[in-house]
Amino acid sequence: MERKCPYQKKCGGCQFVSVPYRDQLVKKQKWIEDLLAPFGKVKPIIGMEDPWRYRNKVHGVVASDRRGNCFTGIYEAKSHRVIRVDDCLIENETADRIMRGIAEMMRSFKMRPYNEDTGQGFLRHILIRCGHASGQVMVVLVTSTPVFPSKNNFVKALRKQYPEITTIVQNINNRSTSMVLGDRNQVLYGKGYIEDRLCGKIYRISPKSFYQINSIQTEVIYQTAMDYAGLSGRERVIDAYSGIGTIGITASDRAREVICAELNKEAVRDAIANARRNKIKNVRFVEADAGEFMVGMAAQGQEAEVVFMDPPRAGSDKKFLNALLKLKPERVVYISCNPETLARDLKHLTSGGYRVKMIQPVDQFPMTDKVEAVVSLSR
Ligand code: SAH
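Residues numbered from 1 in each chain as written. Predicted model: local features only at pLDDT ≥ 70, side-chain atom pairs only at ≥ 80, totals over all residues. Heavy atoms only, no water.

1. A closer look at the pattern of salt bridges
Worth spelling out the cut-off: Just to be clear on terms, a salt bridge is a Lys or Arg side-chain nitrogen sitting within 4 Å of an Asp or Glu carboxyl oxygen. Every helix listed is a DSSP run of H or I at least four residues long, and every strand listed is a run of E at least two residues long, numbered separately from the N terminus. Per-residue accessibility, obtained with a 1.4 Å probe over protein chains only, is compared with the maximum for each type, and a residue is labelled buried under 20%, exposed over 50%, and partly exposed between these values.
Here the structure, examined in full by the defined rule, presents 21 salt bridges. A salt bridge links Arg53 to Glu93; the nearest nitrogen and oxygen atoms lie 3.8 Å apart. Of the two residues, Arg53 sits in the loop between helix H2 (21-36) and strand E1 (57-64) while Glu93 sits in helix H3 (residues 93-108), which places them 40 residues apart along the sequence. The closest approach of N and O atoms between Asp183 and Arg175, which form a salt bridge, is 3.9 Å. Judged by relative accessible area, which is 41%, Arg175 ranks as partly exposed. Several salt bridges converge on common partners, so that one network encompasses Arg53, Asp87, Glu93, Asp96 and Arg100.

The following block contains the structure:
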């Protein structure tokens, strides 16, 4: 089960890659227990049967060596130097293969990698997303200008070499920024998004939308979240920080009504399409800051029995948590990818009248020092 990563020292992305997988799980369990056991019972972490190649999203910075050979990789810490990575042990294999292929094709198309220091060059990043269940593949070519020389021939050659690609998108990013994606997308082939199946529902995923990168463990997390929500079909449910609507849509079969709140416009657009795609009529989507949304709900005296919350690594905020305490749902299911901000937010909620019933750690990111947890709270 153990493998050696040749990039380990320079990359640093997988802090635990040289630790046997079983021991990684022990470390993560201990970390969670140290931080969260004071709040409630911590169940044993759920690990992966095969902890490799789980990332369905792959990103490469495009660069070239002195001889002009193009390659992809990652930025060296605190510099503009790109470390070449041809194959990564936690990334989808097909995605890595296509990424290498694109870098190789660049030379014959006289396509230059973008240079951060000079601002010259064309191709900046390559982003590839694979549907774990669907097998659909999206290639996003991030370019510095909208003008794409020999675009049609490039797309044709790429599709010929990799027939598994289902859509190709050009994303234009002409700013000097560390953000990978710019605002403008131009679909070069296919629908401009991929679809994937999660917990029995179909989702469309656009280049900029958030989508959990480990599909196998995401199903475990959602299943746990649904168990903790204890839905009977009569409840009004809120899904806060809802992304493309996956949790709310999964819950919709077992609830009277679901309201999702999400800040990212593109994700909300995907979420609306996802509800329609799955013929779901009892889910609504609000494009808003989750805190603002909750404040509004509380101010209007609205009610909800269950609140799912799945904030980014920074956790939730006082605005959201205080409004949640006003809204007083019977149950809260908190899904967290950062135990530290989770502990901070649990402190707030438990001093406001909630009790932690169960904490389920899930290893969503094997080989790294990150860990996900699902927490069940009730009033
Ligand atoms: N529940 C989804 C997404 C979780 S990721 C899933 O399981 O896939 C966190 C999401 O919170 C992202 O989609 C991000 O765009 C969104 N987000 C970040 N800050 C936010 C805020 N202040 N208000 C609402 N949504 C926010």
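Having seen it, we continue.
2. Here we look at the side chain of Asn278
For the record, the criterion: Side-chain atoms alone can form a polar contact between residues adjacent in sequence; in general such a contact is a pair of N or O atoms within 3.5 Å, and within protein one must be able to donate a hydrogen while the other accepts it. We call two residues in contact whenever any of their non-hydrogen atoms come within 4.5 Å of each other.
Within the element layout of this structure, Asn278 appears in the loop between helix H7 (265-277) and strand E12 (283-287). Of the polar contacts made by the side chain of Asn278, one reaches the backbone oxygen of Ile202; its length is 2.7 Å. At 2.8 Å, the side chain of Asn278 and the backbone oxygen of Asn274 are in polar contact. In this structure, Asn278 is in contact with Lys201, Ile202 and Ile249, ignoring residues within four places of it in sequence.

3. Remarks on unusual backbone geometry
When glycine is set aside, most residues are seen to have a negative phi, and most peptide bonds are trans. For Tyr241, which is not glycine, the phi dihedral falls at a positive 60°. As for its position among the elements, Tyr241 is in the loop between strand E10 (236-240) and helix H6 (246-252). Although it is not a glycine, Lys279 adopts a positive phi angle of roughly 55°. Within the secondary structure layout, Lys279 lies in the loop between H7 and E12. Look at Lys279 and you get exposed, because its relative accessible area is 71%.

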